[in-house]
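# Geometric and topological summary
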There are 2 protein chains.
Amino acid sequence: MTEFTSPALDIALAYHQAWTSHDLDKAMTYIADEIVCEAPAGRLEGAAAYREFMVPFVQILTSSKLIAAFGDDETALVMYDTETVPVKSAPGAECVTVKDGRITYSRFIFDRAPFDAAREAAN
Amino acid sequence: MTEFTSPALDIALAYHQAWTSHDLDKAMTYIADEIVCEAPAGRLEGAAAYREFMVPFVQILTSSKLIAAFGDDETALVMYDTETVPVKSAPGAECVTVKDGRITYSRFIFDRAPFDAAREAAN
């Protein structure tokens, strides 16, 4: 795991640590009310929409492992792998902007294909 | 675009610059013969397999934009957006290990879902 300390990275890692520990309440303390998140399925605006997006993922999360994390004053870039109930390896990457200790913007990348396949197989 | 200079990042960015300029021959000069790449569709081993994986993507690539890039001595983490013929916004993230000026390992994340959808729509 490669890690480089920075103000933005501290927040990104605290956020990461919280949601991967299934503590979404704590995770949301690092998310700005006005967060904008560009996720694979589209743009999310506001903390409520962001939380709604995270809830089902946190529910199926069984474990996670940080792959690399870097940052500077305002930006952090984090890559990790997750294991979930339907998908054994579901890595993700997030590039976040941090202002006043909270994440105001997140660009979020993961592969939806194995989740789509698991959903189809279950139906 | 956030950028942090490091030996590994220099190589990652030179590689990135080459393939996003459609110069796969030059890009491959930064790829180790024994590269291992963990991509969404599975594990690729060796420069020939890696090149084969990149060729169709470079062919449909119309533009790209670096979102963030960081690195240290041996590791670089890069996120970018690409525009391709079938998919308007296809962002990717790569975490690479660099040894002796070449990328020996790459963890590669992108969302296959919009490519799958475009392929289905075309059939």
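In this text the structure is predicted, and so the values were computed from the model without any measurement. (Residues numbered from 1 in each chain as written. Chains lettered and ligands numbered in written order. Predicted model: local features only at pLDDT ≥ 70, side-chain atom pairs only at ≥ 80, totals over all residues. Heavy atoms only, no water.)

## Remarks on the interface of chain B and chain A
Stated precisely, the cut-off is as follows: Contacts are assigned to residue pairs that have any heavy atoms within 4.5 Å of one another. Accessible area that two parts lose when put together, with a 1.4 Å probe and added across both, is what the buried area reports. For salt bridges, the criterion is a side-chain nitrogen of Lys or Arg within 4 Å of an Asp or Glu carboxyl oxygen. Any pair of N or O atoms that falls within 3.5 Å is considered a polar contact. Within protein, one atom must be able to donate a hydrogen and the other to accept it, and sequence-neighbouring residues count only if both atoms are side-chain atoms. Runs of E in the DSSP output that reach at least two residues are strands. Runs of H or I that reach at least four are helices, and both are numbered from the N terminus. Asp, Glu, Lys and Arg are counted as charged, while Ala, Val, Leu, Ile, Met, Phe, Trp, Tyr, Cys and Pro are counted as nonpolar; the rest, among them Gly, fall into the polar class.
Contacts between chain B and chain A engage 28 residues on the former and 28 residues on the latter. When chain B packs against chain A, the two sides together hide about 2,100 Å² of surface, and 72% of this comes from carbon and sulfur. For the pair chain B and chain A, the interface holds four salt bridges. A salt bridge links B:Asp111 to A:Arg112; the shortest N-O distance between them is 2.7 Å. Inspection of the chain B/chain A interface yields six residue pairs in polar contact (both at pLDDT 80 or more). Looking at the side of chain B that touches chain A, the elements that each hand over two or more residues are strand S4 (61-71), strand S5 (75-84), strand S6 (92-99), strand S7 (102-110) and helix H4 (113-122) of chain B. Across the side of chain B that touches chain A, the residue classes tally to 16 nonpolar, five polar and seven charged.

## Section: the side chain of A:Glu94
Test applied: For every residue, the accessible area (1.4 Å probe, protein chains only) is compared with the maximum for its type, and the residue is labelled buried under 20%, exposed over 50%, or partly exposed between those bounds. None of His or the chain ends enter the tally, which takes Lys and Arg as positive and Asp and Glu as negative.
Topologically, A:Glu94 is positioned in strand S6 (residues 92-99). Comment: no salt bridge for buried A:Glu94; closest opposite-charge side chain is A:Arg107, at 12 Å. Among the polar contacts listed, one links the side chain of A:Glu94 to the side chain of A:Tyr80, at a separation of 2.6 Å. In contact with A:Glu94, not counting residues within four places along its chain, are A:Tyr15, A:Trp19, A:Tyr50, A:Ala76, A:Leu77, A:Val78, A:Tyr80, A:Ser106, A:Arg107, A:Phe108 and B:Met79.

## Focus: unusual backbone geometry
With phi around 50 degrees, A:Asp100 is a residue other than glycine that occupies positive phi space. Structurally, A:Asp100 is set in the loop between S6 and strand S7 (102-110).

## What about the pattern of salt bridges?
Residue and element names in this part refer to chain B. Under the definition given, this model contains 12 salt bridges over all chains. When the shortest N-O distance is used, the salt bridge between Asp 25 and Arg 51 registers 2.9 Å. Of this pair, Asp 25 sits in helix H2 (residues 24-28) while Arg 51 is found in helix H3 (residues 47-60), placing the two residues 26 residues apart along the sequence. Owing to a relative accessible area of 53%, Asp 25 belongs among the exposed residues under this scheme.

## So, the relation of the copies chain B and chain A
The operation relating the two chain copies consists of a rotation about an axis and a shift along that axis. Just so we agree on the cut-off: The copies are overlaid by a least-squares fit using only the C-alpha atoms of residues whose pLDDT is at least 70 in both copies.
Between chain B and chain A, which share one sequence, the superposing operator has a rotation angle of 180 degrees and an axial displacement of 0.0 Å; the RMSD is 0.0 Å. Here the symmetry operator amounts to a two-fold rotation axis. Minimal C-alpha distance to the rotation axis in chain B is attained by B:Asp111, lying at 1.9 Å. Most of the interface of chain B is mirrored in chain A: 100% of its interface residues are interface residues there too.

## Describing the pairing of S7(A)
Residue and element names in this part refer to chain A. For the record, the criterion: Any two strands with at least two DSSP-identified bridges between them are counted as paired.
Of all the nine residues making up S7, seven are buried; the element is thus mostly covered by neighbouring parts of the structure. Across four bridges, strand S2 (residues 31-39) lies against S7 in parallel orientation. When the bridges of S7 are listed, Glu 38 appears paired with Arg 107. The hairpin turn running from S6 into S7, its antiparallel successor, is two residues long, and Asp 100 in that turn takes a positive phi close to 50 degrees.

## Quick word on the environment of B:Leu9
If you trace the backbone, B:Leu9 turns up in helix H1 (residues 7-20). When the C-alpha positions of B:Leu9 and B:Asp111 are compared, they lie 23 Å apart, and in sequence the two are 102 residues distant.

## Observations regarding H1(B)
All names here are of chain B. As a reminder, the rule being used: The span you would expect from a helix comes to 1.5 Å times its residue count less one.
Here H1 spans 20 Å end to end across 14 residues, near enough to the 20 Å set by a 1.5 Å rise per residue. Judged by how many residues are buried, H1 sits mostly within the fold: 10 of 14 residues are covered. When H1 is considered as a whole, its buried residues turn out to be Ala 8, Leu 9, Ile 11, Ala 12, Leu 13, Tyr 15, His 16, Ala 18, Trp 19 and Thr 20. Remark: His 22 follows H1 within two positions and exhibits a positive phi of approximately 65 degrees.

## Digging into the environment of B:Gly101
Residue and element names in this part refer to chain B. Examined against the element boundaries, Gly 101 turns out to sit in the loop between S6 and S7. In sequence terms Gly 101 and Ile 11 are 90 residues apart; their C-alpha atoms lie 6.4 Å from each other. When residues no more than four places from it in sequence are discounted, the contact partners of Gly 101 are Ile 11 and Tyr 30.

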